Amino acid sequence: MLTLHSAYYDDRIPNWRMAPVAVESNILVLVTEGRLVYTINHTLITAEEGDLVFIPKGTFRSAENDGPHPHRKYSALFDHSFPHGTVPLFDLGCFTKKRIGDIDYVAKRFEALHREMQEEKPMHRLAAAGIVQEIAAIASRESGSAGTSPTKWRLAERMKRHIREHYREPLHVGELAELIQRSPNYAISLFKEVTGQTPVAYMQQLRIAEARNLLLNSDFTVTEIADYLGYYDTSYFYRVFKRATSVSPSAFSVTRDR
């Protein structure tokens, strides 16, 4: 179980700094712009754009901008009671900094997390805690592919970028293969090796994330959202959404009005 306490967005704050203190909650940070310097248990560590930082409870930490240039970052403070082996990122038990490949998607999830906590709609803490778990799972999954070669990582990123830019359109594996100048079978295999999921699953992930956003923050009907996201069969959209979230689009949208 994960209990979220608070979420923050630091947007280019001049002279930003955090005083030395032993943190009382676990902290998950995504740096989206610029650099900052942490002092972790008396060791200096720099974090910059694209870095995901995990600071476990009890860590002695201070932080400040790296020089005169302010940074942008999201932060989430939480406690958890997951058994060892459930979330590999949390099992490390020490300050961890890692590069996030799909920073655009993770940044959007942090943005959604921050919005949930700011707006305080019904069940916002439950929804926000789920987002933190998703981010931790993504970070843990990417740790499993740490041995991937730079060439494979770059090719996978090229395909992911293409999918992000065209996720509302039908996905053609042939286009991905042509993009990286490899065979369709190789493209699918490489994508799954690096990301842990197929190109179709990644596209569905992006669509469902946007569907959740539209259900909560727009006046679109379920049918209009399905059509907007490229699901020309609304009943299929219902099935995909429920499989991903455990609730139907209609039930999910009800939480907006409670």
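Placed above this text is the structure.
All values reported here derive from a predicted model rather than from experimental measurement.

Moving on to the side chain of Arg61. Here Arg61 is to be found in strand 7 (residues 60-65). Buried within the structure, Arg61 lacks any salt-bridge partner; Asp10 is the closest side chain of opposite charge, at an N-O distance of 8.7 Å. Residues in contact with Arg61, not counting those within four places in the same chain, are Met18, Ala19, Pro20, Val21, Val23, Ile27, Tyr38, Thr39, Ile40 and Ile55.

With that out of the way, let us pick up the packing of aromatic side chains. Applying the stated rule across the entire model yields 12 aromatic pairs. Ring centres of Phe54 and Phe90 lie 5.3 Å apart, and the angle between their planes is 35 degrees; on these two criteria the pair is classed as tilted. In this pair, Phe54 sits in strand 6 (residues 51-55) while Phe90 sits in helix 1 (residues 88-91), placing the two residues 36 residues apart along the sequence. Each member of the pair, Phe54 as well as Phe90, is classed as buried. When the ring of Tyr74 is compared with that of Phe110, the centres are 5.8 Å apart and the planes differ by 20 degrees; the resulting orientation is stacked. Here the residue Tyr74 occupies a position in strand 8 (residues 72-80), and Phe110 occupies one in helix 2 (residues 103-119), the gap between them amounting to 36 residues. Classification of Phe110 as buried rests on a relative accessible area of 1%. Ring-pair connections join several aromatic residues into one group, and the members of that group are Tyr231, Tyr236, Phe237, Phe241 and Phe252. Across from the ring centre of Trp16, 3.6 Å away, lies the NZ or CZ of Lys73, which sits over that ring. Positioned over the ring face of Tyr228 is Arg168, at 3.8 Å from the centre of the ring.

Rules and cut-offs
- Residues numbered from 1 in each chain as written.
- Predicted model: local features only at pLDDT ≥ 70, side-chain atom pairs only at ≥ 80, totals over all residues.
- Heavy atoms only, no water.
- Helix = DSSP H or I, 4+ residues; strand = E, 2+ residues; numbered from the N terminus.
- Buried < 20%, exposed > 50% of the residue type's maximum accessible area, 1.4 Å probe, protein only.
- Lys, Arg positive; Asp, Glu negative; His and termini not counted.
- Salt bridge = Lys/Arg side-chain N within 4 Å of Asp/Glu carboxyl O.
- Contact = heavy atoms within 4.5 Å.
- Phe/Tyr/Trp six-rings, centres within 6.5 Å; stacked < 30°, edge-to-face > 60°.
- Lys NZ or Arg CZ within 6 Å of the ring centre and 35° of its normal.

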